[in-house]
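Residue-level structure breakdown
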Amino acid sequence: MGKKVKKESEPFSKDVFDPLPIESKTAATAVLMLSSPEEEVLAKACEAIHKFAEKGDENKTSLMCLGAVEPLSRLISHEDKTVRRNAVMALGVMASNNEVKKCLKKLDVIPAVISKLSPEENVVVHEFATLCLTSLSADFCYKVQIFEHKGLEPLIQLLSSPDPDVKKNSVECIFNLVQDFQNRAAVQQLNGLPPLLELLHSEFPVIQQLALRTIENITTDSETRVAFRNVQGFDRILEILGTKEFSDLHEGALRVISNCLEDSESMQLIQTMGGLEQLLQFVGTTTLPEAQANAVKAVARMAQSGENRKILHERNVEKTLTDLLMQENESVRTAACQAVATVSKNLSSRDTFRNAIKPIVQLLNSEGSELRMAAAEALSSLTNDNNLNAYAIHEAEGDKLLVRQLRDSCMGAAVYAASVLTNMASQEELRRSILAHEAMPALVALLHCTDNNILISATQAVASLACDAEARMELRNVGGLSPLVQLLKSINAEIRRNASWAISVCANDEITALELCNAGALEILQEITLSPNRNNKFSELALQKLLDSNLSLKYSLTGHLSASNITTDGFYDPGQVQMLVCDAMGGQVEAEKLHDFLWELHISELKFEACSNIVLIGKIKKGTYFHRALLYKVLADRIGLSCSLIRGEYNRAWNEIFITSPKKTYGYSQPECYIIDLMHQPGNLMKSNSPAALAYQTI
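None of the values given here were measured: they were computed from a predicted structure.

Below, the discussion takes up the overall build of the chain. On a plain count of helices and strands, the chain comes out with 43 helices and 4 strands. Taking 27 Å as the expected radius of gyration for a compact globule of 699 residues, we find that the chain reaches 41 Å, considerably beyond that expectation. Projected onto its principal axes, the C-alpha positions of the chain cover 155 × 70 × 45 Å. Within the span of the chain, comprising 699 residues, buried residues form 51% of the whole. Total accessible area computed for the chain in this model is approximately 34,300 Å², and 51% of it derives from carbon and sulfur atoms. With 69 positive and 86 negative side-chain charges, the chain shows a separation of 2 Å between the mean positions of the two kinds.

Set out below in structure tokens:
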């Protein structure tokens, strides 16, 4: 009774396992289930992991530590669609975790994920595969892998997907990829511009922004800008700019326009389409500071063209920019100053901007270094060949602020300040005012900088201000001559040229010229004129100015004074320094009778008399090569004659000088190095590489 009996129609089967429903409450169990051979188990495990990962970043890290990443990266290629879909969903969510990204690098997962972008896969797979690539594409290594495995093309195709999430993920991934230059060009080559432009009309702002930022990035490529014109990209961008409802896109649209204005063809096209007028109208009407600043930058780009500057002047752009200088937003004022600098390359605009000079000068007091630099840049352009604007700066007390800006920590601000002072220094009254504000010490401090732009501007300013004797005296007093001379050695041609110019100006008085010679200017300039690569008109001028300021020295070196070289009291012929040294040291000694010239005995007697090994050179009556060379150097230094003293072997020493000779035509020949004979044929000059010179240097 009560015992159940198996019916014959229900036979037992020993090979069949009854279904076993499993309810797991731990992530570890779900991860273990990823190794199951049963598709239903795999699908449910992947689904559970996906839901768990969505709850937070800590869960993603936990799943990785439990070993979920490796089996998931395999299961995204499973033959069963449901397993494949759920695995892609789980991996797509987990890929946003930094530790998971590192783990995936070891698994070479990119090819498998890219394969899920094929049209055969469903929308859900597309959504999470693109989500996975979006997370990974922020890393440079993954960018390279996606490019190498041709992932860009299917991503571009998915920009036209009917699903907004797929569109959003795809365009975001492309945006990440085009941070690398090779992907920028590839987008254009794969015809990616039309679908990107189409996304600008999306109903989802995030998609619009991502598409616009991607277009902004790829239009930095010149070939892409050509393609952008060909697909009527400007029509779309100008349409956005003229639509108030798209105000959140205006800033990005203006950056795209600025990029495209790098090309003259694009500039002409925008002008033809009425874009210039639209930009000017936008500048005056928009209330968004960043958009306004970018619009002004676009105007400045357009003003790079002389024809456009003329058009802008006719549209009274000067008033618009002057009004923007009064804005509270620093970015807008900075952009306005930069635009003033470019627009004022037009001569008429330069005069029209005169009323803007005072507010620009006031901007030199700004806290922001970028704004101070932009203000100085504008003033530099406004004072270029315009004396009235230079006086306007002076009246606005700008010279004091500009001198202060020479000490600015912002190098760019100091560069432009020096440029303005150079422009102003052409007027004597302004020059005196600038110097009264201690410009010269500030400029000398800049001569010690290593930045080439600073040195170029500083040397130019020194040259402009050193026209007056008082300025040259101040330059000497603050130690400016030595660093100026050292800049003659610069490898930068413009620095050398400006330093030469400054020295040619400073050499207008004898005292400064002598100090320049003592600082080594003469030797360096002589070396420069010997070099076909380093020589320039200013270095030749500087050399002649130094010689003209010391006619005794010039006559000694060149053996020639022109009709314009007027001698004064105190002029002497230093050529006698040699026929003087020789007489003081025992006279001429024939080479064959050198052994009879008993100078050693004479020197020993002097040492005994002085009870010292140190002998005063003035007491020597019999001196050999090194005594004579030393005395010649001492006397030459006293009279400003540039020469070197070189010690040889076996009591030999000699002096080298550089000498130029007058040409038959105007000017002088290249300086050549000579050795002076002070022993055998006093006054004889021997070319340094001649047999006679070599014999003089050795026994």
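This part is about the packing of helix α14 (residues 205–218) against helix α17 (residues 247–260). Any two packed helices are characterised by the angle at which their axes cross and by the distance between the axes. One way to put it is that α14 packs onto α17 with a least axis distance of 9 Å and a crossing angle of 15 degrees. The orientation of α14 relative to α17 falls into the category roughly parallel. As α14 runs across α17, the sense of the crossing is left-handed. Across the interface between the two elements, P205, Q208, Q209, L212, I215 and E216 of α14 pack against D248, L249, G252, A253, R255, V256 and N259 of α17. For the contact of α14 with α17, the per-class residue count stands at 6 nonpolar, 4 polar and 3 charged.

Secondary-structure assignment places Y674 in strand β3 (residues 672–676). Judged by its relative accessible area of 15%, Y674 is buried.

A separate point is the packing of helix α31 (residues 439–446) against helix α33 (residues 469–477). At a closest axis distance of 10 Å, the pairing of α31 and α33 adopts a crossing angle of 50 degrees. In terms of orientation, α31 and α33 fall into the oblique class. Helix-helix and strand crossings are classified by hand; for α31 and α33 the assignment is right-handed. For the pair α31 and α33, contact is made by M440, P441 and V444 and by A471, E474 and L475, respectively. Counted by class, the contact of α31 with α33 contains 5 nonpolar, no polar and 1 charged residues.

The geometry of an aromatic ring pair is captured by the separation of the ring centres together with the interplanar angle, meaning the angle of the planes. Going through the model one piece at a time under the given rule, you end up with 4 aromatic pairs. Here the aromatic rings of W501 and F538 are separated by 6.2 Å at their centres, their planes lie at 45 degrees, and the arrangement is tilted. With W501 in helix α35 (residues 493–506) and F538 in helix α38 (residues 537–548), the pair connects residues that are 37 residues apart, well separated along the chain. Here W501 falls in the partly exposed class, since its relative accessible area comes to 26%.

Here the chain shows a mean pLDDT of 87. Residues at 70 or above account for 93%. Within the model, pLDDT remains below 50 along residues 1–9, and this stretch shows 2 contacts once partners closer than five positions in the same chain are excluded.

Glancing now at the pattern of salt bridges. Considering all chains together, one arrives at 20 salt bridges under this definition. Linking D468 and R431 is a salt bridge whose minimum nitrogen-to-oxygen distance equals 3.0 Å. Residue D468 is located in the loop between α32 (452–465) and α33, and its partner R431 is located in helix α30 (residues 428–436); the two are separated by 37 residues in the primary sequence. Each member of the pair D468 and R431 is classed as buried. Overlapping salt bridges bring together R472, R476, D509 and E515 as one network.

Taken from the UniProt record, the annotation "repeat: ARM" (unreviewed entry) applies to residues 150–192, 191–233, 355–386 and 438–480. End-to-end, the C-alpha atoms of residues 150–192 are 14 Å apart, and along that stretch the chain is 67% helix and 0% strand. Span residues 355–386 is 62% helix and 0% strand, its end C-alpha atoms 14 Å apart.

In this section: the sheet that holds strand β1 (residues 644–647). Pairing between the strands of a sheet is mediated by backbone hydrogen bonds and can be parallel or antiparallel. The antiparallel open sheet is built from 4 strands, whose spatial order is β1-β2-β3-β4. Each of the sheet's edge strands pairs with one partner strand only, and the pair in question is β1 and β4 (685–687). The sheet shows a mean angle of 40 degrees between the axes of neighbouring strands, direction not considered. Sheet strands touched by helix α42 (residues 625–639): β1, β2 (653–659) and β3. Its angle to β2, the strand with the most contacts, is close to 40 degrees.

Take helix α8 (residues 123–136) next. For α8, spanning 14 residues, the distance from its first C-alpha to its last is 20 Å, which sits close to the expected 20 Å at 1.5 Å a residue. In terms of residue burial, α8 counts as a mostly covered element, since 11 of its 14 residues are buried. Of all the residues in α8, the buried ones are V125, H126, E127, F128, A129, T130, C132, L133, T134, S135 and L136.

Moving on, we come to the nonpolar core. If you look at the biggest cluster of nonpolar residues, it comprises 183 residues, and the most contacted ones within it are L72, L379 and L546. Excluding residues within four positions of it along the chain, L546 makes contact with I503, A507, A513, L516, C517, A521, L522 and L525. Within the second largest apolar cluster, 25 residues are counted, among which are W599, L641, I659 and I675.

When you tally the buried positions in β3, you get 4 out of 5 residues, the bulk of the element. Bridge count for β2 against β3 is 4 bridges, and the pairing is antiparallel. What sits directly across from I659, in β3, is E672. Bridge count between β3 and β4: 3 bridges; the pairing is antiparallel. The residue of β4 that forms the bridge with Y674 is K687.

It is worth spelling out the side chain of S349 at this point. With respect to the helices, strands and loops of the structure, S349 is situated in helix α24 (residues 347–352). Looking at S349, the relative accessible area reads 0%, which means it is buried. Excluding its chain neighbours within four sequence positions, the residues that come into contact with S349 are H313, E318, V343 and S344.

Conventions we followed
Residues numbered from 1 in each chain as written. Predicted model: local features only at pLDDT ≥ 70, side-chain atom pairs only at ≥ 80, totals over all residues. Heavy atoms only, no water. Helix = DSSP H or I, 4+ residues; strand = E, 2+ residues; numbered from the N terminus. Rg over C-alpha atoms; globule rule 2.2 N^0.38 Å. Buried < 20%, exposed > 50% of the residue type's maximum accessible area, 1.4 Å probe, protein only. Areas by Shrake-Rupley, 256 points an atom, 1.4 Å probe, with all protein chains shown as cover. Lys, Arg positive; Asp, Glu negative; His and termini not counted. Charge placed at Lys NZ, Arg CZ, Asp CG, Glu CD. Axes fitted to C-alpha atoms, helices over the stretch in contact; angles between N-to-C directions. Parallel < 35°, antiparallel > 145°, perpendicular 65-115°, else oblique. Left-handed = near helix turned anticlockwise from the far one by under 90°. Contact = heavy atoms within 4.5 Å. Nonpolar A, V, L, I, M, F, W, Y, C, P; charged D, E, K, R; others polar. Phe/Tyr/Trp six-rings, centres within 6.5 Å; stacked < 30°, edge-to-face > 60°. pLDDT = per-residue confidence, 0-100. Salt bridge = Lys/Arg side-chain N within 4 Å of Asp/Glu carboxyl O. UniProt positions renumbered as here; feature names shortened; annotations may be inferred. Pairing = 2+ DSSP bridges. Expected span 1.5 Å × (residues − 1). Core = buried A, V, L, I, M, F, W, Y, C linked by side-chain atoms within 4.5 Å.

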